[in-house]
Amino acid sequence: MRIVFMGTPEFAVPSLHTLLEQGYNIVAVVTQPDRPKGRKRTLTPPPLKEAALALGLPILQPERMRNAEAVAELAAYEPDLIVTAAYGQILPKSVLELPRLGCINVHGSLLPKYRGGAPIQRSIMNGEKVTGVTIMYMAEGLDTGDMISKVEVPITDEDTSGTLFEKLSLAGAKLLAETMPKLIAGEVQAVPQAEEEATYAPNLKREDEQINWSRSARQIYDQVRGLSPMAGAFTTLNGEVFKVWACGNLGQAAAEAASSEAAGTSKAAGAGTVLKVEPQGITVQTGSGPLLVTVIQPSGKKAMPVSEWLKGTKLQPGTILGGGDGA
(Lines give C-alpha, C1' and ligand atoms only; values in the text may rest on other atoms or scores of the structure.)
Protein backbone atom coordinates (compact mmCIF):
# COMPACT_ATOMS: atom_id res chain seq x y z
CA MET A 1 0.00 0.00 0.00
CA ARG A 2 1.27 3.42 -0.99
CA ILE A 3 0.85 6.26 1.52
CA VAL A 4 1.51 9.97 1.07
CA PHE A 5 2.02 11.81 4.36
CA MET A 6 1.23 15.52 4.62
CA GLY A 7 2.10 17.86 7.50
CA THR A 8 4.21 20.82 8.53
CA PRO A 9 5.04 21.47 12.23
CA GLU A 10 6.65 19.29 14.87
CA PHE A 11 3.16 18.00 15.72
CA ALA A 12 3.24 15.85 12.54
CA VAL A 13 6.64 14.24 13.09
CA PRO A 14 5.66 11.50 15.61
CA SER A 15 2.86 10.32 13.30
CA LEU A 16 5.28 10.01 10.38
CA HIS A 17 7.78 8.08 12.49
CA THR A 18 5.05 5.81 13.82
CA LEU A 19 3.81 4.87 10.35
CA LEU A 20 7.34 3.98 9.28
CA GLU A 21 7.99 2.00 12.47
CA GLN A 22 4.77 0.06 11.82
CA GLY A 23 6.11 -0.90 8.39
CA TYR A 24 3.86 1.25 6.21
CA ASN A 25 5.16 2.36 2.82
CA ILE A 26 5.50 6.16 2.77
CA VAL A 27 6.12 7.04 -0.88
CA ALA A 28 6.28 10.82 -0.42
CA VAL A 29 5.99 13.61 2.15
CA VAL A 30 4.15 16.84 1.35
CA THR A 31 4.85 19.91 3.47
CA GLN A 32 4.72 23.69 3.30
CA PRO A 33 7.49 25.66 1.55
CA ASP A 34 10.50 26.87 3.55
CA ARG A 35 9.73 30.21 5.22
CA PRO A 36 11.92 33.06 6.53
CA LYS A 37 12.17 33.08 10.33
CA GLY A 38 13.81 35.05 13.09
CA ARG A 39 15.16 38.57 13.05
CA LYS A 40 17.54 37.74 10.22
CA ARG A 41 14.65 36.23 8.21
CA THR A 42 16.66 33.10 7.49
CA LEU A 43 14.92 30.67 5.12
CA THR A 44 13.99 27.74 7.36
CA PRO A 45 12.52 24.33 6.45
CA PRO A 46 9.45 23.14 8.38
CA PRO A 47 10.09 20.43 11.01
CA LEU A 48 8.41 17.73 8.94
CA LYS A 49 10.73 18.44 6.02
CA GLU A 50 13.76 18.07 8.29
CA ALA A 51 12.41 14.72 9.50
CA ALA A 52 11.72 13.55 5.95
CA LEU A 53 15.21 14.54 4.80
CA ALA A 54 16.75 12.54 7.64
CA LEU A 55 14.66 9.55 6.59
CA GLY A 56 15.52 9.89 2.90
CA LEU A 57 11.91 10.33 1.79
CA PRO A 58 10.83 12.21 -1.35
CA ILE A 59 9.52 15.69 -0.48
CA LEU A 60 6.98 17.93 -2.21
CA GLN A 61 6.55 21.57 -1.17
CA PRO A 62 3.83 23.19 -3.30
CA GLU A 63 2.94 26.77 -2.49
CA ARG A 64 -0.70 25.94 -3.11
CA MET A 65 -2.00 22.39 -3.12
CA ARG A 66 -4.92 23.55 -5.26
CA ASN A 67 -2.70 24.25 -8.26
CA ALA A 68 -3.11 21.76 -11.10
CA GLU A 69 0.66 21.21 -11.28
CA ALA A 70 0.78 20.31 -7.58
CA VAL A 71 -2.13 17.90 -7.91
CA ALA A 72 -0.51 16.23 -10.93
CA GLU A 73 2.80 15.88 -9.09
CA LEU A 74 1.02 14.28 -6.15
CA ALA A 75 -1.04 11.98 -8.40
CA ALA A 76 2.16 10.62 -9.94
CA TYR A 77 2.88 8.86 -6.63
CA GLU A 78 -0.40 6.90 -7.00
CA PRO A 79 -1.33 7.00 -3.31
CA ASP A 80 -3.75 4.46 -1.88
CA LEU A 81 -4.12 6.62 1.23
CA ILE A 82 -3.22 10.19 2.21
CA VAL A 83 -2.54 10.87 5.89
CA THR A 84 -2.33 14.47 7.08
CA ALA A 85 -1.37 16.06 10.40
CA ALA A 86 -1.42 19.85 10.69
CA TYR A 87 -0.59 20.37 7.02
CA GLY A 88 -1.95 23.91 6.98
CA GLN A 89 -3.96 23.91 3.76
CA ILE A 90 -7.47 22.73 2.94
CA LEU A 91 -7.21 19.98 0.33
CA PRO A 92 -9.25 20.42 -2.86
CA LYS A 93 -11.68 17.80 -4.13
CA SER A 94 -9.15 16.76 -6.80
CA VAL A 95 -6.76 15.65 -4.05
CA LEU A 96 -9.42 14.14 -1.77
CA GLU A 97 -10.53 11.86 -4.59
CA LEU A 98 -7.04 10.61 -5.49
CA PRO A 99 -6.51 7.73 -3.03
CA ARG A 100 -8.82 4.69 -3.06
CA LEU A 101 -8.90 4.62 0.77
CA GLY A 102 -9.46 8.37 1.04
CA CYS A 103 -7.67 11.05 3.03
CA ILE A 104 -7.53 11.04 6.82
CA ASN A 105 -6.40 13.74 9.22
CA VAL A 106 -4.89 13.67 12.72
CA HIS A 107 -6.50 16.73 14.34
CA GLY A 108 -5.51 18.17 17.73
CA SER A 109 -8.93 18.53 19.34
CA LEU A 110 -12.05 16.56 20.20
CA LEU A 111 -14.13 17.38 17.16
CA PRO A 112 -16.49 18.99 16.43
CA LYS A 113 -15.00 21.40 19.02
CA TYR A 114 -12.10 23.57 17.90
CA ARG A 115 -12.11 23.14 14.15
CA GLY A 116 -9.40 25.21 12.48
CA GLY A 117 -5.73 26.06 12.65
CA ALA A 118 -5.11 26.80 16.35
CA PRO A 119 -7.04 24.21 18.38
CA ILE A 120 -4.26 23.56 20.88
CA GLN A 121 -3.53 27.18 21.75
CA ARG A 122 -7.19 28.15 21.97
CA SER A 123 -8.19 25.19 24.11
CA ILE A 124 -5.76 26.44 26.78
CA MET A 125 -6.67 30.09 26.29
CA ASN A 126 -10.34 29.21 26.77
CA GLY A 127 -9.66 27.39 30.03
CA GLU A 128 -10.49 23.88 28.86
CA LYS A 129 -9.60 21.03 31.21
CA VAL A 130 -9.71 18.27 28.58
CA THR A 131 -8.82 18.13 24.91
CA GLY A 132 -7.64 15.32 22.68
CA VAL A 133 -7.05 14.04 19.17
CA THR A 134 -9.57 13.08 16.50
CA ILE A 135 -8.75 11.04 13.41
CA MET A 136 -11.25 11.79 10.69
CA TYR A 137 -11.89 11.45 7.00
CA MET A 138 -11.15 14.71 5.24
CA ALA A 139 -13.87 16.65 3.43
CA GLU A 140 -13.91 19.89 1.46
CA GLY A 141 -14.92 21.94 4.51
CA LEU A 142 -12.73 23.03 7.41
CA ASP A 143 -12.31 19.94 9.62
CA THR A 144 -15.86 18.82 8.84
CA GLY A 145 -15.26 15.18 7.85
CA ASP A 146 -16.67 12.07 9.53
CA MET A 147 -14.83 11.00 12.69
CA ILE A 148 -13.03 7.64 12.81
CA SER A 149 -11.45 7.55 16.28
CA LYS A 150 -10.74 9.77 19.30
CA VAL A 151 -8.60 9.92 22.42
CA GLU A 152 -8.88 12.35 25.34
CA VAL A 153 -5.90 14.19 26.85
CA PRO A 154 -6.22 16.22 30.08
CA ILE A 155 -4.99 19.82 30.27
CA THR A 156 -3.25 20.71 33.52
CA ASP A 157 -2.68 24.18 34.98
CA GLU A 158 1.03 23.71 34.25
CA ASP A 159 0.51 23.03 30.54
CA THR A 160 1.53 25.55 27.91
CA SER A 161 0.78 25.20 24.24
CA GLY A 162 4.30 23.79 23.90
CA THR A 163 3.79 20.96 26.40
CA LEU A 164 0.30 20.26 25.08
CA PHE A 165 1.56 20.13 21.48
CA GLU A 166 3.95 17.40 22.53
CA LYS A 167 1.33 15.44 24.47
CA LEU A 168 -1.16 15.59 21.62
CA SER A 169 1.39 14.77 18.93
CA LEU A 170 2.36 11.58 20.80
CA ALA A 171 -1.27 10.72 21.55
CA GLY A 172 -2.15 11.29 17.89
CA ALA A 173 0.66 9.03 16.68
CA LYS A 174 -0.46 6.26 19.03
CA LEU A 175 -4.08 6.64 17.96
CA LEU A 176 -3.03 6.55 14.30
CA ALA A 177 -1.15 3.28 14.84
CA GLU A 178 -4.26 1.79 16.46
CA THR A 179 -6.59 3.06 13.74
CA MET A 180 -4.63 2.12 10.61
CA PRO A 181 -5.21 -1.69 10.63
CA LYS A 182 -8.98 -1.23 11.02
CA LEU A 183 -9.02 1.42 8.32
CA ILE A 184 -7.16 -0.74 5.83
CA ALA A 185 -9.38 -3.73 6.63
CA GLY A 186 -12.51 -1.64 6.07
CA GLU A 187 -13.64 -2.13 9.66
CA VAL A 188 -13.98 1.50 10.79
CA GLN A 189 -17.41 2.99 11.37
CA ALA A 190 -17.03 6.72 10.81
CA VAL A 191 -19.42 9.01 12.68
CA PRO A 192 -20.66 12.31 11.22
CA GLN A 193 -19.95 15.43 13.28
CA ALA A 194 -22.81 17.19 15.04
CA GLU A 195 -22.82 20.59 13.35
CA GLU A 196 -24.74 22.20 16.19
CA GLU A 197 -21.84 21.39 18.54
CA ALA A 198 -19.10 22.80 16.31
CA THR A 199 -16.77 25.51 17.57
CA TYR A 200 -13.85 27.12 15.80
CA ALA A 201 -10.20 27.82 16.58
CA PRO A 202 -8.98 30.32 13.95
CA ASN A 203 -5.30 31.09 13.58
CA LEU A 204 -4.04 33.57 16.15
CA LYS A 205 -3.90 37.30 15.39
CA ARG A 206 -1.99 40.11 17.06
CA GLU A 207 -5.03 41.18 19.07
CA ASP A 208 -5.26 37.69 20.59
CA GLU A 209 -1.80 38.21 22.07
CA GLN A 210 -2.47 41.53 23.84
CA ILE A 211 -3.29 41.29 27.55
CA ASN A 212 -6.37 43.13 28.76
CA TRP A 213 -5.75 43.46 32.48
CA SER A 214 -9.46 44.06 33.08
CA ARG A 215 -10.05 40.37 32.42
CA SER A 216 -9.87 37.92 35.32
CA ALA A 217 -6.59 36.57 36.66
CA ARG A 218 -7.61 33.10 35.45
CA GLN A 219 -8.34 34.30 31.92
CA ILE A 220 -4.99 36.10 31.65
CA TYR A 221 -3.16 33.14 33.19
CA ASP A 222 -4.70 30.86 30.53
CA GLN A 223 -3.93 33.37 27.77
CA VAL A 224 -0.25 33.48 28.74
CA ARG A 225 -0.01 29.67 28.85
CA GLY A 226 -1.79 29.27 25.54
CA LEU A 227 0.60 31.67 23.79
CA SER A 228 3.80 30.16 25.21
CA PRO A 229 6.32 29.36 23.81
CA MET A 230 5.28 30.58 20.37
CA ALA A 231 4.03 34.15 19.99
CA GLY A 232 3.84 35.16 23.64
CA ALA A 233 1.30 37.41 25.36
CA PHE A 234 2.18 41.08 25.61
CA THR A 235 1.32 44.29 27.38
CA THR A 236 3.12 47.64 27.35
CA LEU A 237 5.47 49.29 29.83
CA ASN A 238 6.30 52.98 29.31
CA GLY A 239 4.80 52.75 25.85
CA GLU A 240 6.96 49.81 24.72
CA VAL A 241 6.00 46.18 24.15
CA PHE A 242 6.52 44.10 27.28
CA LYS A 243 5.98 40.36 26.82
CA VAL A 244 4.75 38.03 29.54
CA TRP A 245 5.89 34.43 29.11
CA ALA A 246 4.89 32.86 32.41
CA CYS A 247 2.84 33.53 35.52
CA GLY A 248 2.96 32.03 38.98
CA ASN A 249 0.39 29.87 40.71
CA LEU A 250 -2.89 31.78 40.95
CA GLY A 251 -3.59 30.78 44.55
CA GLN A 252 -0.07 31.71 45.61
CA ALA A 253 -0.34 35.18 44.07
CA ALA A 254 -3.64 35.82 45.84
CA ALA A 255 -2.31 34.60 49.16
CA GLU A 256 0.83 36.72 48.94
CA ALA A 257 -1.16 39.81 48.04
CA ALA A 258 -3.59 39.23 50.89
CA SER A 259 -0.78 38.94 53.43
CA SER A 260 1.22 41.95 52.28
CA GLU A 261 0.96 45.69 52.06
CA ALA A 262 -0.41 45.12 48.53
CA ALA A 263 -3.68 43.96 50.10
CA GLY A 264 -4.64 47.51 51.00
CA THR A 265 -3.88 48.99 47.61
CA SER A 266 -5.23 46.16 45.46
CA LYS A 267 -8.85 46.97 46.29
CA ALA A 268 -8.46 50.51 45.00
CA ALA A 269 -5.94 49.82 42.23
CA GLY A 270 -7.06 49.79 38.64
CA ALA A 271 -6.49 46.85 36.31
CA GLY A 272 -2.87 46.64 35.17
CA THR A 273 -1.48 48.32 38.29
CA VAL A 274 1.74 46.85 39.66
CA LEU A 275 1.03 46.01 43.31
CA LYS A 276 4.31 44.46 44.37
CA VAL A 277 7.78 43.95 42.89
CA GLU A 278 9.98 41.13 44.18
CA PRO A 279 12.59 38.82 42.64
CA GLN A 280 10.08 35.98 42.40
CA GLY A 281 7.74 38.11 40.33
CA ILE A 282 5.64 41.18 39.69
CA THR A 283 2.18 41.15 41.24
CA VAL A 284 -0.29 42.89 38.92
CA GLN A 285 -3.90 43.77 39.59
CA THR A 286 -6.39 42.20 37.17
CA GLY A 287 -10.14 42.55 36.87
CA SER A 288 -10.56 39.94 39.60
CA GLY A 289 -7.58 39.85 41.92
CA PRO A 290 -3.79 39.76 41.58
CA LEU A 291 -1.65 37.81 39.13
CA LEU A 292 2.02 37.03 39.66
CA VAL A 293 4.11 37.57 36.51
CA THR A 294 7.33 35.53 36.66
CA VAL A 295 8.98 35.49 33.21
CA ILE A 296 9.05 38.60 31.02
CA GLN A 297 10.69 40.01 27.89
CA PRO A 298 11.29 43.75 27.70
CA SER A 299 11.35 45.39 24.28
CA GLY A 300 14.57 44.59 22.41
CA LYS A 301 15.77 42.02 24.96
CA LYS A 302 15.57 38.29 25.51
CA ALA A 303 13.04 36.53 27.71
CA MET A 304 14.17 36.27 31.33
CA PRO A 305 12.94 35.66 34.88
CA VAL A 306 11.82 38.80 36.69
CA SER A 307 14.69 38.29 39.17
CA GLU A 308 17.24 38.71 36.38
CA TRP A 309 15.51 41.74 34.90
CA LEU A 310 15.39 43.51 38.27
CA LYS A 311 19.19 43.37 38.58
CA GLY A 312 19.43 46.25 36.11
CA THR A 313 15.97 47.80 36.29
CA LYS A 314 13.74 49.44 38.88
CA LEU A 315 9.99 49.01 38.71
CA GLN A 316 7.90 50.86 41.25
CA PRO A 317 4.59 49.67 42.70
CA GLY A 318 1.84 51.81 41.24
CA THR A 319 3.22 51.59 37.71
CA ILE A 320 0.46 50.80 35.23
CA LEU A 321 0.99 48.18 32.55
CA GLY A 322 -0.87 48.57 29.29
CA GLY A 323 -3.19 51.42 28.43
CA GLY A 324 -5.31 53.30 30.89
CA ASP A 325 -8.36 51.15 30.05
CA GLY A 326 -6.63 47.96 31.17
CA ALA A 327 -5.56 46.84 27.71
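To start, this report covers the structure provided alongside it.

### Focus on the environment of Y200
With respect to the helices and strands, Y200 occurs in the loop between helix 6 (161–184) and helix 7 (206–209). Overall, Y200 belongs to the partly exposed group, its relative accessible area being 47%. With 43 residues separating them along the chain, Y200 and D157 place their C-alpha atoms 22 Å apart. What Y200 contacts, discounting residues up to four positions off in sequence, is Y114, R115 and L142. A polar contact is formed between the side chain of Y200 and the side chain of R115, at a distance of 3.1 Å.

### Topic: the packing of helix 1 (residues 13–21) against helix 2 (residues 47–55)
At a minimum axis distance of 9 Å, the contact between helix 1 and helix 2 shows a crossing angle of 25°. Here helix 2 runs roughly parallel to helix 1, going by the angle between their axes. The way helix 1 lies across helix 2 gives a crossing that is right-handed. Between helix 1, through V13, L16, H17 and L20, and helix 2, the contact on the second element is made entirely by P47, L48, A51 and L55. Of the residues assigned to the contact of helix 1 with helix 2, the class counts are seven nonpolar, one polar and no charged.

### Considerations on the sheet that holds strand 6 (residues 81–85)
Spatially, the seven strands line up as an open sheet ordered 5-2-1-6-7-8-9, and their pairing is mixed. The two strands at the open ends of the sheet, each matched to only one other strand, are strand 5 (59–60) and strand 9 (147–154). Of the pairings in the sheet, the one linking strand 8 (residues 130–137) to strand 9 comprises seven bridges and is antiparallel in character. Paired with T134 across the strands is K150, a residue of strand 9. Helix 6 contacts strand 1 (2–7), strand 6, strand 7 (103–107), strand 8 and strand 9 of the sheet and is inclined by roughly 150° relative to strand 9.

### Structural notes on helix 8 (residues 217–226)
One turn of an α-helix holds 3.6 residues; hence residues three or four places apart share an orientation. Across the ten residues that make up helix 8, a large majority, eight, are buried. Here helix 8 has its buried residues at A217, I220, Y221, D222, Q223, V224, R225 and G226.

### Things to note about helix 3 (residues 68–75)
Every buried residue belonging to helix 3 is among A70, V71 and L74, and all of these are buried. In an axial view of helix 3, the angular spread of the buried residues amounts to 100°, which keeps them on one side of the axis. Those residues of helix 3 that are exposed and angled more than 90 degrees off the buried face are A68 and E69. On its buried face, helix 3 sits against strand 1, strand 2 (25–30), strand 5, strand 6 and helix 4 (93–96).

### Details of the nonpolar core
Core analysis: the biggest nonpolar cluster contains 35 residues, and F5, I104 and M180 have the highest contact counts within it. Per-element accounting of this core gives the leading share, eight residues, to helix 6. Excluding its chain neighbours within four sequence positions, the residues that come into contact with I104 are L81, I82, V83, T84, I135, M136, Y137, M138, I148, L176, M180 and L183. Judged by nonpolar contacts, the second largest core, of 24 residues, contains W213, V293, M304 and L315.

### Description of the pattern of salt bridges
Going through the model one piece at a time under the given rule, you end up with 16 salt bridges. Linking R35 and E63 is a salt bridge whose minimum nitrogen-to-oxygen distance equals 3.1 Å. Of this pair, R35 sits in strand 3 (residues 35–37) while E63 is found in the loop between strand 5 and helix 3, placing the two residues 28 residues apart along the sequence. Linking K129 and D157 is a salt bridge whose minimum nitrogen-to-oxygen distance equals 3.5 Å. Note that K129 is positioned in the loop between helix 5 (119–125) and strand 8 and D157 in the loop between strand 9 and helix 6, a separation of 28 residues in sequence. A relative accessible area of 29% means that D157 is categorised as partly exposed. Look at the salt bridges and you will find they share partners, linking K129, D157, R218, D222 and R225 into a network.

Definitions and cut-offs
- Residues numbered from 1 in each chain as written.
- Predicted model: local features only at pLDDT ≥ 70, side-chain atom pairs only at ≥ 80, totals over all residues.
- Heavy atoms only, no water.
- Helix = DSSP H or I, 4+ residues; strand = E, 2+ residues; numbered from the N terminus.
- Buried < 20%, exposed > 50% of the residue type's maximum accessible area, 1.4 Å probe, protein only.
- Contact = heavy atoms within 4.5 Å.
- Polar contact = N/O pair within 3.5 Å; in protein donor to acceptor, adjacent residues only side chain to side chain.
- Axes fitted to C-alpha atoms, helices over the stretch in contact; angles between N-to-C directions.
- Parallel < 35°, antiparallel > 145°, perpendicular 65-115°, else oblique.
- Left-handed = near helix turned anticlockwise from the far one by under 90°.
- Nonpolar A, V, L, I, M, F, W, Y, C, P; charged D, E, K, R; others polar.
- Pairing = 2+ DSSP bridges.
- Arc of directions from axis to C-beta.
- Core = buried A, V, L, I, M, F, W, Y, C linked by side-chain atoms within 4.5 Å.
- Salt bridge = Lys/Arg side-chain N within 4 Å of Asp/Glu carboxyl O.

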